[in-house]
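Read off the chains here:
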Amino acid sequence: MDATRQGRSKRRTRLKAELDRVIAEALDEQRIVGTVVEILIDGEPGYRHAAGLAEREADRPMTEDSIFLLSSVAKPIVTVAALNLAQSGTIGLDDIVSEWLPAFRPQLPDGSEPRITLRQLLTHSAGLSYVFMERGDGPYRRHAISSGLDDTDDDLTALIGKLTAIPLSYPPGHGWGYSMSLDVLGAVIEEATGSKLPEAIATLVTRPMGMNDTAFSVTDKRKLVVHYGDASPRPRRLVGDDAVPFSRPAGSSILEPFPPEEPAWQARPAT
């Protein structure tokens, strides 16, 4: 074995020992119930380990092929699908969204109707928001906009109709805010491909990459883990439309949107 390969082998051995220690510590302290960790080194698998339980109450062990809820990790997958279509010339990043979705014409609070581009959807600069970003009884809550984690019968067409009725938070391109813009982009992908979003994503992204268990629904529920949220003295099982509040160390800061004429974000002490 040459010196380079020997050095790489030693680094991987140290990495495995350290990761095994950290994972075991987290499980022993009941900070997590189970985990699956995989690390690629130079594009090749360098570490893969399943530990703990997929379901604590049934003492079901975690396995390397366990299925987890991705939540917002769906966003980069939808983004890759859109960029695939842009690369093929099917869509353009500077296309106006209403050219693809004529019903999507949200207005600013002054009643004007700005032009929103696909690029602004991709970069969360379209003026949209999320129900959990609001304080109190905001317009997203009043229009029963789904967070994506709750039970809803709305399809993308219904969602577009609801979003169109809500004033934008700022002029597109003049701010930034984590939002439902990728949901709107999903509707554009449906129009551009003539397929429902799950099939479009499978065709453009997951199937070519061999991501056979990655989808908008679970086909093999035997692999699905039970999800748990932070709690003391150990994580609690999430049930139904559960929610885990953000926890921040004392003195930390959170980000809030600035008005359009100011820098996009300001920090204020957490309460």
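Residues numbered from 1 in each chain as written. Predicted model: local features only at pLDDT ≥ 70, side-chain atom pairs only at ≥ 80, totals over all residues. Heavy atoms only, no water.

Chemist: Give a description of the overall build of the protein chain that names residues and reports values.
Modeler: Within the protein chain, the regular secondary structure consists of 8 helices and 7 strands. Looking at the protein chain as a whole, 33% of its 271 residues are labelled buried. For the protein chain, long-range pairs separated by at least 24 residues make up 56% of all intrachain contacts whose partners lie at least 6 apart in sequence. Total accessible area on the protein chain stands at roughly 16500 Å², and carbon and sulfur atoms take up 53% of it. (Helix = DSSP H or I, 4+ residues; strand = E, 2+ residues; numbered from the N terminus. Buried < 20%, exposed > 50% of the residue type's maximum accessible area, 1.4 Å probe, protein only. Contact = heavy atoms within 4.5 Å. Areas by Shrake-Rupley, 256 points an atom, 1.4 Å probe, with all protein chains shown as cover.)

Chemist: Break down the layout of surface pockets for me, citing the residues and quoting the values.
Modeler: Reported here for the second largest pocket is a volume of approximately 200 Å³. Taken together, Leu-101, Pro-102, Ala-103, Phe-104, Leu-156, Thr-157, Ile-160, Ala-187, Glu-190 and Glu-191 make up the lining of the second largest pocket. When contributions to the lining of the second largest pocket are tallied by element, the ones reaching two or more residues are helix H6 (156–164) and helix H7 (181–193). A per-class count over the lining of the second largest pocket returns 7 nonpolar, 1 polar and 2 charged. (1 Å grid on protein atoms, 1.4 Å probe; cavity = no way out; pocket = protein on both sides within 12 Å on 5 of 7 lines; lining within 4 Å. Points joined across faces, edges and corners; volume = space filled by probe spheres on them. Nonpolar A, V, L, I, M, F, W, Y, C, P; charged D, E, K, R; others polar.)

Chemist: Just give me the short version of the pattern of salt bridges, but keep the residues and values in it.
Modeler: Within this structure, the stated rule accounts for 17 salt bridges. Residue Arg-31 pairs with Glu-25 through a salt bridge whose shortest N-O separation is 3.9 Å. Given a relative accessible area of 45%, Arg-31 falls into the partly exposed group. Residue Glu-25 is classed as partly exposed on the basis of its relative accessible area, which comes to 34%. Salt-bridge contacts for Arg-222 lead to Asp-220; the nearest nitrogen and oxygen are separated by 2.9 Å. In this structure Arg-222 comes out as exposed when scored by relative accessible area, which is 69%. (Salt bridge = Lys/Arg side-chain N within 4 Å of Asp/Glu carboxyl O.)

Chemist: Report on the packing of H7 against helix H8 (residues 197–206), specifying residues and quantitative values.
Modeler: Two elements in contact, H7 and H8, have axes separated by 9 Å at closest approach and are oriented at 75°. Judged on the interaxial angle alone, H8 and H7 are roughly perpendicular. Along its contact with H7, which presents Gly-186, Ile-189, Glu-190 and Thr-193, the element H8 presents Leu-197, Ala-200 and Leu-204. Split into classes, the residues belonging to the contact of H7 with H8 amount to 4 nonpolar, 2 polar and 1 charged. (Axes fitted to C-alpha atoms, helices over the stretch in contact; angles between N-to-C directions. Parallel < 35°, antiparallel > 145°, perpendicular 65-115°, else oblique.)

Chemist: Describe the packing of aromatic side chains, and please don't skip the residues or the numbers.
Modeler: The relative placement of two aromatic rings is captured by the distance of their centres and the angle of their planes. Within the structure shown, the criterion is met by 2 aromatic pairs. Aromatic pair Tyr-130 and Phe-132: ring centres 4.5 Å apart, planes at 20°, arrangement stacked. Among the residues examined, Tyr-130 registers a relative accessible area of 4% and is labelled buried. Taking the centre distance of 5.4 Å and the plane angle of 35° together, the rings of Tyr-130 and Tyr-178 count as tilted. Of this pair, Tyr-130 sits in the loop between helix H4 (118–122) and helix H5 (139–142) while Tyr-178 sits in the loop between H6 and H7, and the two are 48 residues apart along the sequence. Put simply, the rings of Tyr-130, Phe-132 and Tyr-178 touch in pairs and so form one group of aromatic residues. (Phe/Tyr/Trp six-rings, centres within 6.5 Å; stacked < 30°, edge-to-face > 60°.)

Chemist: Describe in detail the environment of Gly-92, supporting the description with residues and values.
Modeler: When you line up the elements, Gly-92 lands in the loop between helix H2 (74–87) and helix H3 (97–100). Residue class for Gly-92 comes out partly exposed when judged on its relative accessible area of 21%. A C-alpha to C-alpha distance of 9.3 Å links Gly-92 and Ala-82, two positions 10 residues apart in sequence.

Chemist: How would you explain the packing of H6 against H7 if you had to name every residue and give the values?
Modeler: Between H6 and H7, the shortest axis-to-axis distance is 10 Å and the interhelical angle comes to 130°. By the angle between their axes, H6 is oblique relative to H7. In the crossing of H6 with H7, the sense of the turn from one axis to the other is left-handed. Facing Leu-156, Leu-159, Ile-160 and Leu-163 of H6, the residues of H7 in contact are Asp-183, Val-184, Gly-186, Ala-187 and Glu-190. (Left-handed = near helix turned anticlockwise from the far one by under 90°.)

Chemist: Talk me through empty space enclosed by the protein; I want residue IDs and the actual numbers.
Modeler: For the coordinates displayed, the defined rule picks out 1 cavity of 30 Å³ or more. Volume-wise, the largest cavity comes out at about 30 Å³. Forming the walls of the largest cavity are Gly-127, Leu-128, Tyr-140, Leu-163, Ile-166, Pro-167, Leu-168 and Ser-169. Classifying every residue of the lining of the largest cavity by side-chain character gives 6 nonpolar, 2 polar and no charged.

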